[in-house]
Amino acid sequence: MHNFTIIKRGFSLALFGLMLSAVAFAQQTDTSQYSTDTTTVKVKQKKLVGQRINGTVADGYTNKPLTGVKLTVADFSGTLTDDKGKFTLIVPNYNATILISMNGYHTKLLPVHKGKLATIKIYPTNYASVFTEVVLPSGTQNIARSASAIGTVNPQGGWNVNSETPDSYLQGRMAGVNAIRRSGTPGIGADIFVRGFTSLYATNQPLYVVDGMIFDANAYGTSLTTGHRNNPLQYIDVRDIESISLIKDAAAAAVYGTKAANGVMVITTNHAHDLATQIDFSAYSSINLQPRSLAVMNGGDFRTYLSDILKSRGLSSGAIAALPYMNDDPNPLSNPTYPMYHQNTDWQKEVFKRTFDQSYFLKVSGGDNIAKYALSAGYSKDKGVIDSTNNTKYTMRFNSDLNLTKKLTANTNLSFSYTEQTLKDQGISARTNPMFIALVKAPFLAKNEISANGAVSPNLAESDTLGVSNPRALIEKGLNQKKAYRFFGNINFDYQFNKSFKVSNLTGITYDKTQETLFIPRKGVTNEVLPTTIGDSKLGSQVIRYANVFNDLHFTFDKSFATNHNLHLTLGTRYSQNESEQDYAIGYNSATDVLISIGNSNASLRYFGGDIGKWSSLNSYFTTDYSYKDKYYLSLAMAVDASSRFGRKDISSDLRYVGGYGLDILGGKTAVLPAISGAWLISSEDFMKSLKDVDLLKLRMSYGLVGNDDIGNYNNRQYYVSQNLLGLQGLVRGNIANPNIQWESIAKFNTGVDASFFNERLSLSLDYYVHTTSKMLSYVPVSAIGGIDSFIDNQGSMQTTGLDFGLNARILNKTLKWDLGINLGTYKNKIQSLPNNTDILTAYANGTYITSKGQAANLFYGQRTNGVYATDAEAAAAGLSIINSAGVKVPFKGGDMRFIDTNGDKIINGSDRVVIGNPNPDLFGSFNNSFAYKNWSLDVLVSFVLGNNIYNYTRAMLESGSNYYNQTDAMRNRWRGEGQLTNVPKAAYGDPMGNAQFSDRWIEDGSYLRLRTVNLSYNVPLKIKAIKYAKIYATGNNLFTLTNYLGYDPEFSATGSIFTQGVDTTLEPQFRSVQLGVRIGL
Amino acid sequence: MKKYISHAFLLLSIFIGLNSCKDAMEEHTQVVNVDNTVDLFEKIAAQPNLSKFSDYIKSTGYDKILTSSQNYTVWAPTNDALATLDAAIVSDPMKLKDYVGNHIALTSVVAPKTASDTLRVVLLNKKYATLIGDKYEEASVLGAGKFVKNGALYSIDKAVATKQNIWEYMLSSTDAPLQTSYISSISTQVIDSANATIIGYNSTGTPIFAPNPPMVSRNAYWTNVADLRTESQQYTFFMLPDALYNSEAAKLSPYFAGADKFTLVRDLTVKGLYTIDKLPDTLLSTRGVKIPVAKSAIVKSYRASNGMVYIMNALPFRLKDKVPVFKIEGETPLSFRADRTANTFYRLKLDNAGIQYRDIEVYNHAFAEFYIRYFKTAVPFVKYKVYARAISGAAGDAQVASFTQRYFIYNPLTSTVDVPVYDLFATQTVTPLNYSEVYLGDYTPKQYGTLDLRLTAANSTAVNVNTLILDYLRFEPVLP
């Protein structure tokens, strides 16, 4: 309780400080000086004139004095603590700032005020601190000095995570980042939305920069496996990551110009820190638990439902009773199909299985003065909960640091990863998604063939008479194989001309290849209807390649002058050349189910296709970081981007301003994107010195422009696409060329405060931002006379505003330590303009989204309902009708949905649709609790999303009451007779009254709170010399989810497009897993 | 220490709180109406005023059917209604089963019908029940229906006994013995193809049966008029007491020598159910003959399971309905003298009044005395005025000149088996664009029976001379 009171007091102080800040600004004078980059601190030995200060430095964790902590005043003086943690230091005056640094600890900035310093506490690097050093495009920077909005994560070796890719790992780790795991499939990763979204049709994913080089995380081409996306981020092992920092605003990200629209995620991989050889080995094994089954009807309930459906189809009761699955005569002579149609199979149990994972990882680092190396190798075999799916991954990384000459240094970052994945179709694929089939397949059928006498054959049963495949056939005989690898490597040379001038050059290449094989068997799977024939088996093969050459050359200049002024300049240019190619072949009807390669398909039905892309970009950038007295910071950045994707015109003049912050250079459009940011470190001001509990208080503000160049490779030119007409292949025009097409321009305003109190026991940061997208890509409708009904142009605009909040607190700091972390994010989106002010209606999975001026983008748009008419009389009184496909007006009757006639014309049709939900959350974030007690530590991460809506497409299929699909138990409540009060309409084949159409019946609250990970580790006290340490881990993933959502799981992302967000298309759900592991250091 | 305990307590209570939350999925799929969890038999057994019917269901074994997973509807008579049930039914297990089966249908009837809406449902004893408004046959539905897991339950205020169908009633009735005995006598023995062994097929695909196949009796009334045994159809059937039967048959015998009784009875069946209150003054028999019905002439009526039976003391057929005008359509020939398919045109044209007609033309067939043969059976023995319509020279017709065609009619009296004799009946000169009927002459058949007619071309092979065209021939009887 005591702690909370302190926090509260600190809070009000901080607010007070904020209010005074404007008044205080005018009073400041100062004299201290230091270099911004802590790694290049130089201490001059000269006769020091100044004030002597004394103090003690202690570990914030243990409160024990630390020996050998380095204390410096930049370019002035420095000292080390003695064995009791005490130090004496000469400072130029009482306005100076001391840097307190030690290996393995955060570097702390401390303003010196007159009087004796209290005990200075510094924290190890695994503590969430505002003094964390982060890697930014312009170099390493302490967050305490940054004017940008930065989020940071330190995976701390990532030893306790398993089956996580860097993107899914980020969930709940940073404020303002909404990481939505795409599905439960191993390696599939997550869609990362940093502060909402900035674009409708271009990407909304952040830019990944790994070790200084752009890491292309896009999946090129469509997978042959429905619902699957190749995730290149899985090639990076979390255990290889040293730190992840995310730039959320425009200031620090502006140097990435037209690629930085959605933030920049800077990932740094492990390099050797010590010269001594370190060997780390870890091994894990985990068990993945089956997801909880959805409650679908049993055989008996399904048969009464089926007879209702058949009756509504017009079959007489006699004809229904004569159907084999309705015939209850068990005599094998008169009814030989009795055993075949009278089983009670739990199909979900046939598809979902409990599985086991294993993972091994070895890391070796070491070296000498000349060369250091860090080598890692990993193997993991992760299984999904869909039977027989898995992901086998091999990773290898070699990072080195070389001191070639005194002035020339180099480092390399080379990685190679290979995955082999066995998948199954997911998502909207009614014939081949085993999860969907398991839900809709009649429970009275069996997976194997059964004879009249009830003998079970080992042969799998054929697809059934109701038109549903056998999921076991897909699992046992189907093949969705993916093999992929990526080489991602770079070499970086630094040449230090003198103390302040450095030139660096980074050259890297990416080579990525994905190979896929597909086989959908003939037996047990329903046929596919092709334009000219029936496809009974399907075969496919695909190769996707991506290659990139990247170069970044830049000069940096660091200079301190006139005692209080500090300058850091960077000027550089990046060149990136990319190529992607996709080639596929799809065939049908191989002779038997054992001939599964594409060459065995029927030659006349085989077709080939692909996609090819080539693009390059040149990004020149300039940054200036200036600080005065280490209290006032100002940064300027500017990028000038040219890209093969931008529009191009005939040369009219050499240089011309084209508006929208762009220039025409030699006819090609060039983006000019500036950004400015400033920060004020209030806590270093003199008037703050009495507030000993305030360690840091900083105000930040930034404004700048960034761009989004994901506008298609060839939209600035006219291209042709192939088309098949009656067996003849030809070319038709594919688009209307737009020579004016350009990057989307996003103006980002950000203001925030960073604060830390009580010796860093409590730290927090709060950010407010406004993202305004102009020149937003949109489809402009044109008259379809020309054969093409729209073209792409930069004609829309929208705005996203929001808040990020992060808090870290050490609540208990005795033998039992308790750290609490809170991350929150919220945003509001508003469309400001659209071409011709026309609403955009997009359709996905039988649902509709509306994007309309003045509203948030992509809102669910459908009918509203209000229960079910109990009687015909009640329906007649309401007087509503539909106009059916034949143009006939049909009134609603008892048992039909009571739709709300919004426009009052008594007809229920498309014009009655209204906004019925918003897939964007009101609030998202996480709570993180870490406990440490002696050799034990416990981490509990709880992530949550609040106030988002989900369109449950799966349930819309399972409660449509309009076909032969098995339904959920809720269908037992269907209206059966006059006067029944229920909210489930009657069963009617083909849904003639549209009762199952897209409406608020299928919109659900997607809020959830999830016990994302629980990790318990024990440091085994060892006295064996050969082993440095041994740790045992137990980790639980997704152990507990609190939600009102009615599907398997409320977290999924069908595609990266915002127009598919929040639609549950039956993807592999997140599953619970428990793992045990050991880590040994040699 | 106190703090730790309070923290631990807090955590514990959060977990307990979370676990005690009601599961959303269970809540969603929970059955809201308790009726949707019970089956029909349980529902019936739970109703105190249906206890007798529930006992009958149990004793007849229908309880197993009503607990199965198909949808049934039960119209259960209340205990009061069953009090008056015939003891003979209760004591005979077969009759009781039939009786109970007469109240159960393998379908779910979701709502009582409106008075204007009729529904027929097949019952488990293979009979059909008619639902009109809130009436189940003659009983009334009490209160609202109850809908359970596998169907619907209605209680009714009367016991609805199993009804005979029209055929069963006719055979058992003594009201019209002559009619009954005549109808039941016109049966033949035919091969029971369902049970016979097929040993092969002949060249036309007709099955060849093993020697001495099983035979069944088939009544000509079923095949030629209506199968009055069919439960799924509804008929209204008239029965004539002997005196009326004889007098009506006598009226017909001059024209239908030998077939007068069949001619009478074939027009006693009407498709559809006409209860007395809905009986019009004239009905149309299944063969298209008008039946004048006077309600005052109804002696007795019976509501059969598949319709109505009326015993009449008068049913005055009009002779002109029994001996009607008939037409022979040119485009429906029986055969040709020779195969001239390429020269034969079945035409669909518009006449001068813009009305569609179909006819036949055989043009440029290059065959002297080519003929088209027409056939008409059961032609009453009476004098006819015969008219023909043949239109040539219309747009698209190559025959623009006048030509002559002749009509020959088979003479059954002078023909022998080897030498058929056709008498010339009329010669017609077809003039172009004559859209009106041409009177050919009077014709009196030699006897009741078949009319066999040849439309014969000129004795020439020349084009435009030996053409044949006929829209129709109209035979108008000359009645007293």
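Residues numbered from 1 in each chain as written. Chains lettered and ligands numbered in written order. Predicted model: local features only at pLDDT ≥ 70, side-chain atom pairs only at ≥ 80, totals over all residues. Heavy atoms only, no water.

Undergrad: I would appreciate a short explanation of the overall build of chain B in the present structure.
TA: Summing up its helical and strand segments, chain B has 14 helices and 29 strands in all. Here chain B has a C-alpha radius of gyration of 35 Å; the compact-globule value for 480 residues is 23 Å, and the former is much larger. If one aligns the C-alpha atoms of chain B with their principal axes, the spans along those axes are about 130 × 70 × 55 Å. Looking at the 480 residues of chain B, the share that counts as buried comes to 47%. Within chain B, contacts between residues separated by at least 24 positions form 70% of all contacts whose residues are at least 6 apart in sequence. (Helix = DSSP H or I, 4+ residues; strand = E, 2+ residues; numbered from the N terminus. Rg over C-alpha atoms; globule rule 2.2 N^0.38 Å. Buried < 20%, exposed > 50% of the residue type's maximum accessible area, 1.4 Å probe, protein only. Contact = heavy atoms within 4.5 Å.)

Undergrad: What exactly am I supposed to notice about the environment of Phe326(B) here?
TA: Turning to its location among the elements, Phe326(B) is positioned in strand β18 (residues 326-329). Here the alpha-carbon distance between Phe326(B) and Phe475(B), two residues 149 residues apart in the chain, equals 5.4 Å.

Undergrad: What is the right way to read the environment of Ser500(A) from this model?
TA: Residue and element names in this part refer to chain A. Looking at the element boundaries, Ser500 is found in the loop between β24 (479-498) and β25 (501-520). By relative accessible area, Ser500 is classed as buried at 13%. Sequence separation of Ser500 and Thr107 is 393 residues, and the distance between their C-alpha atoms is 22 Å. Each residue touching Ser500, except ones within four places of it in the same chain, is listed here: Thr556, Phe557, Asp558 and Lys559.

Undergrad: Hey, could you run me through the confidence of the model for chain A in this one?
TA: The predicted structure's coordinates, where accompanied by low pLDDT, should not be read in detail. Of all residues in chain A, 94% have pLDDT values of 70 or greater, and the mean over the chain is 88. This stretch, residues 1-45 of chain A, has a pLDDT under 50; its non-local contacts, to residues over four places away or in other chains, come to 86 contacts. (pLDDT = per-residue confidence, 0-100.)

Undergrad: How do you make sense of the interface of chain B and chain A when you look at a structure like this?
TA: Many structure descriptions define interface size as the accessible area lost when the parts assemble. Taken together, the contacts link 30 residues of chain B with 36 residues of chain A. Approximately 3,100 Å² of surface area, both sides summed, lies buried where chain B meets chain A, with 55% of it carried by carbon and sulfur atoms. Here chain B and chain A share zero salt bridges between them. Counting across the chain B and chain A interface gives 14 residue pairs in polar contact (both at pLDDT 80 or more). Residue assignment for the side of chain B that touches chain A shows that the elements contributing at least two residues are α1 (2-20), α2 (24-29) and β6 (139-148) of chain B. It is α1(B) that provides the largest number of residues to the side of chain B that touches chain A, a total of five residues. A per-class count over the side of chain B that touches chain A returns 13 nonpolar, 14 polar and three charged. (Buried area = accessible area lost by both parts, 1.4 Å probe. Salt bridge = Lys/Arg side-chain N within 4 Å of Asp/Glu carboxyl O. Polar contact = N/O pair within 3.5 Å; in protein donor to acceptor, adjacent residues only side chain to side chain. Nonpolar A, V, L, I, M, F, W, Y, C, P; charged D, E, K, R; others polar.)

Undergrad: So what exactly am I meant to see when it comes to the packing of helix α10 (residues 177-185) of chain B against helix α12 (residues 242-252) of chain B here?
TA: Taken N-terminus to C-terminus, the directions of α10(B) and α12(B) make an angle of 65°; their axes are 7 Å apart at the nearest point. Facing α10(B), whose interface residues are Pro177(B), Leu178(B), Gln179(B) and Tyr182(B), α12(B) presents Asp242(B), Tyr245(B) and Asn246(B). (Axes fitted to C-alpha atoms, helices over the stretch in contact; angles between N-to-C directions.)

Undergrad: Any chance you could explain the pairing of strand β50 (residues 923-933) of chain A here in plain terms?
TA: For a regular strand, side-chain orientation follows a simple rule: the groups alternate between the two sheet faces. Residue and element names in this part refer to chain A. Across ten bridges, strand β41 (residues 816-833) lies against β50 in antiparallel orientation. Among the inter-strand pairings, Gly825 is bridged to a residue of β50, identified as Phe924. By the bridge criterion, eleven bridges tie β50 to strand β51 (residues 936-946) in an arrangement that is antiparallel. Within β51, the position partnered with Tyr933 by the bridge is Trp936. Counting the residues between successive antiparallel strands, the hairpin from β50 to β51 contains two residues, one of them, Lys934, with a positive phi of roughly 50°. (Pairing = 2+ DSSP bridges.)

Undergrad: Just checking my understanding: could you explain α12(B) for this structure?
TA: All names here are of chain B. Every buried residue belonging to α12 is among Leu244, Tyr245, Glu248, Ala249 and Leu252, and all of these are buried. What you see down the axis of α12 is that its buried residues fit within an arc of 125°, all on one side. Looking at the packing, one finds that the buried side of α12 touches α10, α13 (260-265), β17 (307-312) and α14 (319-322). (Arc of directions from axis to C-beta.)

Undergrad: Got a minute to help me understand the pairing of strand β8 (residues 133-136) of chain A in this structure?
TA: All names here are of chain A. Judged by which residues are buried, β8 turns out to be one-sided: Val134 and Leu136 face inward and are buried, whereas Glu133 and Val135, on the alternate face, are not. Judged from the four bridges that link them, β8 and strand β9 (residues 139-142) form a sheet pairing that is antiparallel. Among the inter-strand pairings, Val135 is bridged to a residue of β9, identified as Thr140. Counting the residues between successive antiparallel strands, the hairpin from β8 to β9 contains two residues.

Undergrad: Please clarify how the sheet that holds strand β1 (residues 72-77) of chain B should be interpreted in this entry.
TA: Adjacent strands of a sheet pair through backbone hydrogen bonds, lying either parallel or antiparallel. Residues and elements named next belong to chain B. In spatial order, the strands read β2-β1-β7-β6-β5-β4-β3; together these seven strands make up an open sheet with mixed pairing. This sheet does not close on itself; its edge strands, each paired only once, are β2 (104-105) and β3 (118-122). Note that β3 and strand β4 (residues 128-132) share five bridges and pair antiparallel. Bridged to Leu119 within β4 is Leu131.

Undergrad: In this structure, what is going on with the pattern of salt bridges? I would like to understand it.
TA: Should their charged atoms come close, side chains of opposite charge can pair. Under the defined criterion, the tally for this structure stands at 61 salt bridges over all chains. Between Glu1004(A) and Arg955(A) there is a salt bridge, and its shortest N-O distance comes to 2.6 Å. With a gap of 49 residues between them, Glu1004(A) in strand β53 (residues 1003-1005) and Arg955(A) in helix α10 (residues 953-958) connect regions that are remote in the sequence. Judged on exposure class, the residue Glu1004(A) and its partner Arg955(A) are both buried. Between Asp321(B) and Arg318(B) there is a salt bridge, and its shortest N-O distance comes to 3.0 Å. Overall, Asp321(B) belongs to the buried group, its relative accessible area being 15%. Arg318(B) gets classed as partly exposed once you look at its relative accessible area, which sits at 37%. A cluster of three or more residues bridged by salt bridges with shared partners is formed by Arg195(A), Lys248(A), Lys698(A), Arg700(A), Asp754(A), Asp767(A) and Asp804(A).

Undergrad: What is the right way to look at the packing of helix α4 (residues 51-60) of chain B against helix α8 (residues 93-101) of chain B in this model?
TA: For any two helices packed against each other, the geometry is given by the interaxial angle and the distance between the axes. Residue and element names in this part refer to chain B. Between α4 and α8, the shortest axis-to-axis distance is 10 Å and the interhelical angle comes to 120°. Considering the angle they form, α4 stands oblique to α8. Helix-helix and strand crossings are classified by hand; for α4 and α8 the assignment is left-handed. Counting all contacts with α4, which are made through Phe53, Tyr56, Ile57, Ser59 and Thr60, the residues of α8 involved are Leu96, Lys97 and Val100. Here the contact of α4 with α8 is composed, by residue class, of five nonpolar, two polar and one charged. (Parallel < 35°, antiparallel > 145°, perpendicular 65-115°, else oblique. Left-handed = near helix turned anticlockwise from the far one by under 90°.)

Undergrad: Please explain the nonpolar core as it appears in this structure.
TA: Generally speaking, a soluble globular protein has its nonpolar side chains buried in company with each other. Among the nonpolar cores identified, the biggest contains 83 residues, and Leu200(A), Leu306(A), Tyr325(A), Phe444(A) and Tyr951(A) are the most heavily contacted of them. The biggest single contributor to this core is helix α7 (residues 434-440) of chain A, with six residues. Counting 72 residues, the second largest nonpolar core, distinct from the first, contains Ile183(B), Tyr310(B), Ala338(B) and Leu468(B). (Core = buried A, V, L, I, M, F, W, Y, C linked by side-chain atoms within 4.5 Å.)

Undergrad: Before we go on, may I ask you to explain a nonpolar patch on the surface in this structure?
TA: Residue and element names in this part refer to chain A. A cluster of nonpolar side chains, namely Leu375, Met396, Phe398, Leu414 and Phe416, defines an oily patch on the protein surface of about 410 Å² accessible area. Of all the secondary structure elements, the ones that give two or more residues to the nonpolar patch are β20 (390-403) and β21 (408-422). Within the secondary structure layout, Leu375 lies in strand β19 (residues 371-383). Classification of Leu375 as partly exposed rests on a relative accessible area of 34%. (Patch = residues over 30% accessible without salt bridge, like charges linked within 9 Å, V, L, I, M, F, W, Y side chains within 5 Å. Areas by Shrake-Rupley, 256 points an atom, 1.4 Å probe, with all protein chains shown as cover.)

Undergrad: Got a minute to help me understand the side chain of Lys108(A) in this structure?
TA: All names here are of chain A. Here Lys108 lies in strand β6 (residues 108-111). With a relative accessible area of 2%, Lys108 lands in the buried category. In terms of polar contacts, Lys108 uses its side chain to reach the backbone carbonyl oxygen of Lys121, at 3.0 Å. Not counting chain neighbours up to four residues away, the residues in contact with Lys108 comprise Ile98, Leu99, Ile100, Ile120, Lys121, Ile122, Phe131, Asp695, Asn759 and Glu760.

Undergrad: Is there a simple way to think about unusual backbone geometry in this case?
TA: Trans peptide bonds make up the majority, and among non-glycine residues the majority have a negative phi. Positive phi, normally seen in glycine, also occurs at Arg195(A), with a value near 55°. With respect to the helices and strands, the residue Arg195(A) is situated in the loop between β12 (190-194) and β13 (207-210). For Arg195(A), a relative accessible area of 0% translates into the label buried. For Glu137(B), which is not glycine, the phi torsion reads 50° and is therefore positive. You can see Glu137(B) is positioned in the loop between β5 (135-136) and β6.

Undergrad: What exactly am I supposed to notice about the sheet that holds strand β26 (residues 438-443) of chain B here?
TA: Residue and element names in this part refer to chain B. Reading across from one edge, β18-β29-β23-β26 is the order of the four strands in this open sheet, with antiparallel pairing throughout. Only two strands of the sheet have a single partner each, and these edge strands are β18 and β26. Taking the axes of each pair of neighbouring strands and ignoring which way they run, one obtains an average angle of 20° across the sheet. Bridge count for strand β23 (residues 384-389) against strand β29 (residues 472-477) is six bridges, and the pairing is antiparallel. Within β29, the residue paired with Ala388 across the bridge is Leu473.

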